[in-house]
Amino acid sequence: MSEPIRQEDKIFCNKCKIKLTLGKVTLSYLGSSFPVELYKCAKCGLVYIPEELAKGKMQQVEESLEDK
Ligand SMILES: [Zn+2]
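How each quantity is defined
- Residues numbered from 1 in each chain as written.
- Predicted model: local features only at pLDDT ≥ 70, side-chain atom pairs only at ≥ 80, totals over all residues.
- Heavy atoms only, no water.
- Core = buried A, V, L, I, M, F, W, Y, C linked by side-chain atoms within 4.5 Å.
- Buried < 20%, exposed > 50% of the residue type's maximum accessible area, 1.4 Å probe, protein only.
- Contact = heavy atoms within 4.5 Å.
- Donors = N, O, S within 2.8 Å, 3.2 Å for Na, K, Ca; no water.
- Tetrahedral: all angles 85-135°; square planar, octahedral: opposite > 155°, others 65-115°.
- Pairing = 2+ DSSP bridges.
- Helix = DSSP H or I, 4+ residues; strand = E, 2+ residues; numbered from the N terminus.

Q: Please set out the nonpolar core residue by residue, giving values where relevant.
A: Core analysis: the biggest nonpolar cluster contains seven residues, these being Ile 11, Cys 13, Cys 16, Leu 20, Cys 41, Leu 46 and Tyr 48. With near-sequence residues (within four places) excluded, Cys 13 lies in contact with Ile 18, Leu 20, Cys 41, Cys 44 and Leu 46.

Spelled out as structure tokens, the structure:
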């Protein structure tokens with residue numbers, strides 16, 4: 001399992017054992033992609049998506065899709 005490890009306010013890549021750094025990531029969901037700032041591993045590209053953010057974002061996208 002290559003799950004990120006969260007320690008206090010720092011997030012580490014379980015595979016590379018390095019700290020994830022904040023950067024622009026493009027998320028794709030239901031055929032739409034949108035840029036977000038997330039912690040990601042500079043080595044393997046693993047992205048840490050906080051559960052709250054994932055849920056919030058997904059909800060937002062779903063709502064905006066329903067509007068169209
Ligand atoms: Zn990594």
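Q: Run through the coordination of the zinc ion, naming residues and quoting values.
A: Donor atoms from the polypeptide that bind the zinc ion are Cys 13 (SG), Cys 16 (SG), Cys 41 (SG) and Cys 44 (SG), placed at 2.3 to 2.4 Å. Bound by four donor atoms, the zinc ion shows angles of 106 to 113° at the metal and therefore tetrahedral coordination geometry. Each donor residue of the zinc ion lies on the same chain, and together they follow the pattern C-x2-C-x24-C-x2-C.

Q: I'd like to hear about the sheet that holds strand 4 (residues 32–40), residue by residue, with values.
A: In space, the three strands of this open sheet follow the order 3-4-5, with antiparallel pairing throughout. At either margin of the open sheet sits one strand with a lone partner, and together these are strand 3 (21–29) and strand 5 (47–48).

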